[in-house]
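# Examination of the molecular architecture
In case you want the letters, here they are:
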Amino acid sequence: MSNLPKDPNMLLSYVNTQLRDNYPSLEEMAGAMDFDIDELLAKMDSSGFVFDKKVNKFISK
């Protein structure tokens, strides 16, 4: 995840913006940007967010 922001709030904003504007799924984004989905999900979970596939973005728990 070295190419993603470290700060949880910046990470949330960045990932959700990328998903909204450029990627139809988290899996496609991870493949294109070369990061581990499980690592991102764990980081977001520890920051109070979960991924909602229906809306293709991270939301508050």
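Now for a look at the structure at hand. (Residues numbered from 1 in each chain as written. Predicted model: local features only at pLDDT ≥ 70, side-chain atom pairs only at ≥ 80, totals over all residues. Heavy atoms only, no water.)

## Focus: the pairing of strand S2 (residues 57–60)
Strand direction decides the pairing type here: strand S1 (residues 49–52) and S2, joined by 4 bridges, are antiparallel. Bridge assignment links Phe51 to a residue of S2, and that residue is Phe58. The turn joining S1 and S2, which pair antiparallel and follow one another in sequence, is formed by 4 residues; a positive phi near 55° is taken by Asn56. (Pairing = 2+ DSSP bridges. Helix = DSSP H or I, 4+ residues; strand = E, 2+ residues; numbered from the N terminus.)

## Examining helix H2 (residues 26–33)
Turning to H2, its buried residues are Leu26, Met29, Ala30 and Met33. The arc that holds every buried residue of H2, seen down its axis, measures 100°, which confines them to one face. For H2, exposure combined with an orientation more than 90 degrees from the buried face picks out Gly31 and Ala32. Contacts from the buried residues of H2 go to helix H1 (8–21), helix H3 (37–46), S1 and S2. (Buried < 20%, exposed > 50% of the residue type's maximum accessible area, 1.4 Å probe, protein only. Arc of directions from axis to C-beta. Contact = heavy atoms within 4.5 Å.)

## What to know about H1
When the terminal C-alpha atoms of H1 are compared, their 20 Å separation across 14 residues agrees well with the 20 Å that a helix rising 1.5 Å per residue should span. Burial in H1 covers these residues: Leu11, Leu12, Val15, Asn16, Gln18 and Leu19. In a view along the axis of H1, the buried residues occupy a sector of 160°, so they form one face of it. For H1, the exposed residues lying more than 90 degrees away from the buried face are Asn9, Met10 and Arg20. Looking at the buried side of H1, the elements it contacts are H2, H3, S1 and S2. For H1, the capping residue at the N-terminal end is Asp7, with a side-chain oxygen 3.1 Å from the backbone nitrogen of Asn9. (Expected span 1.5 Å × (residues − 1). Polar contact = N/O pair within 3.5 Å; in protein donor to acceptor, adjacent residues only side chain to side chain.)

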